[in-house]
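Observations on chain architecture
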Amino acid sequence: MALVEQMHGCQAWMHYADQQERFEQWTTQKISEWDVKYWGLGFCESCPTFPQSRSLTIPVFYKGQLFDIRHRLLDAENGTKYCSHIPGLTPSFFNLDSVAGERQVYVVEGEKKAITVAGTGLGSVVGVPGQTFYKRLAQIFDHILTPNQEITFIPDPGTIDTVVQHARDIANKTFVAELWEKPDDFVRLFGQDRFLMALEFRRPV
């Protein structure tokens, strides 16, 4: 809890979001300048958790408070792609505020995918910070969702069985949309309209 409170008072995300390199670096990740500005994305010369690596930064807010800054490592040699701003901090779910008032809630793995998928016009897209965190989703959704809201999972290929297993623990009506590409890759390869059309073929869990 102390680490979370420390993040509430952290303003480093604003410094990262003020770096001119952020546009060039995020563009290479297929993220638009508009999204960089809208989501407060940034660039960090030396990640606090992995100082040997530069990173792209994603602030994670909920109800107006900062819960984490996710760092997308650019130079890590041990295979690690993402880490939190403070060692030992449990990553939070991305864009949870979006579920309020939306009957359809969509869930993807990762903040970057959530940003791309939200850009297709879907009202609520939540990013799970890695496969191991799906098991926490039922507890969180049971607290913040109303009974009439529906959840559609858009998993990465090869992770559907894991996602479905944890989706069954959620009290709300749940669905899964099976794509042959990662959701953000699907949007880029086939376009927004075909992506939204593919979601119509979701199946109940």
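In this report, we go over the structure that sits alongside the text. Given the structure is predicted, the values throughout are model-derived calculations rather than measurements. (Residues numbered from 1 in each chain as written. Predicted model: local features only at pLDDT ≥ 70, side-chain atom pairs only at ≥ 80, totals over all residues. Heavy atoms only, no water.)

Within the secondary structure, Thr-159 is located in the loop between strand S7 (150-153) and helix H7 (160-167). Setting aside residues up to four positions removed in sequence, Thr-159 forms contacts with Glu-109 and Gln-131. (Helix = DSSP H or I, 4+ residues; strand = E, 2+ residues; numbered from the N terminus. Contact = heavy atoms within 4.5 Å.)

To continue, consider the pairing of strand S3 (residues 65-73). The buried fraction of S3 amounts to eight of the nine residues, a majority that puts the element mostly inside the structure. Relative to S3, strand S2 (residues 55-62) runs antiparallel, the two being bridged by eight bridges. Note that in S3 the partner of Val-60 across the bridge is Asp-68. When S3 meets strand S4 (residues 82-83), the two strands line up antiparallel, connected through two bridges. By the bridge assignment for S4, His-71 is matched with Cys-83. (Buried < 20%, exposed > 50% of the residue type's maximum accessible area, 1.4 Å probe, protein only. Pairing = 2+ DSSP bridges.)

Another aspect to go through is the environment of Phe-195. Note on placement: Phe-195 falls in helix H9 (residues 192-199). C-alpha of Phe-195 to C-alpha of Phe-43: the two residues are 152 residues apart in sequence and 29 Å apart in space. Those residues in contact with Phe-195, other than ones at most four positions away along the chain, are Val-117, Thr-120, Leu-122, Ile-154, Leu-179, Pro-183, Phe-186 and Val-187.

Of all six residues that make up strand S5 (residues 104-109), five are buried, and the element is covered over most of its length. Examined bridge by bridge, S5 and S7 share four bridges and lie parallel to one another. Paired with Gln-104 across the strands is Glu-150, a residue of S7. Here four bridges tie S5 to strand S6 (residues 125-128), and the two strands are oriented parallel to one another. Each residue of the ladder has a partner; that of Glu-109, found in S6, is Val-128. As for the winding sense of the linkage, the β-α-β connection from S5 through helix H5 (residues 111-118) to S6 is right-handed. (Right-handed = clockwise from strand over helix to strand, strands pointing away.)

Let's shift gears to the packing of aromatic side chains. Evaluated as defined, the whole model comprises 10 aromatic pairs. Within the aromatic cluster, the residues linked to one another by ring pairs are Trp-34, Tyr-38, Trp-39 and Phe-94. Over the face of the ring belonging to Phe-175 we find Arg-202, whose NZ or CZ atom lies 3.6 Å from the ring centre. (Phe/Tyr/Trp six-rings, centres within 6.5 Å; stacked < 30°, edge-to-face > 60°. Lys NZ or Arg CZ within 6 Å of the ring centre and 35° of its normal.)

Working definition: the strands of a sheet are paired by backbone hydrogen bonds and lie parallel or antiparallel to each other. What the five strands build is an open sheet, ordered S6-S5-S7-S8-S9; its pairing is mixed. Each end of this open sheet is capped by a strand with a single partner; those strands are S6 and strand S9 (203-204). Each of S5, S6 and S7 touches helix H6 (residues 137-144); the most contacted strand, S5, lies at about 155 degrees to it. (Axes fitted to C-alpha atoms, helices over the stretch in contact; angles between N-to-C directions.)

Turning our eyes to something else, we now look at a nonpolar patch on the surface. On the surface, Trp-180, Leu-189 and Phe-190 cluster together into a nonpolar patch covering about 350 Å² of accessible area. Mapped onto the elements, Trp-180 comes out in the loop between strand S8 (173-176) and helix H8 (183-190). (Patch = residues over 30% accessible without salt bridge, like charges linked within 9 Å, V, L, I, M, F, W, Y side chains within 5 Å. Areas by Shrake-Rupley, 256 points an atom, 1.4 Å probe, with all protein chains shown as cover. Salt bridge = Lys/Arg side-chain N within 4 Å of Asp/Glu carboxyl O.)

Bringing H6 into the picture now. Inspection of H6 places Leu-137, Ala-138, Ile-140 and Phe-141 among the buried residues, and these make up the whole buried set. The buried residues of H6 occupy one face: seen down the axis, they fall within an arc of 165 degrees. Relative to its buried face, H6 has exposed residues pointing more than 90 degrees away, namely Gln-139 and His-143. Next to the buried residues of H6 lie S5, S6 and S7. (Arc of directions from axis to C-beta.)

Once that is clear, we can look at the sheet that holds strand S1 (residues 42-44). With antiparallel pairing, the four strands of this open sheet are ordered in space as S1-S2-S3-S4. Here the strands that pair on one side only, and so sit at the sheet edges, are S1 and S4.

What follows concerns the pattern of salt bridges. Applying the stated rule across the entire model yields eight salt bridges. For Arg-188, the salt bridge is made with Asp-184, and the minimal N-O distance between the two is 3.4 Å. Remark: Asp-184 and Arg-188 occur in helix H8; sequence separation between them is four residues, near one turn of the helix. Taken together, the shared-partner salt bridges in this structure form one network comprising Arg-103, Glu-150 and Arg-202.

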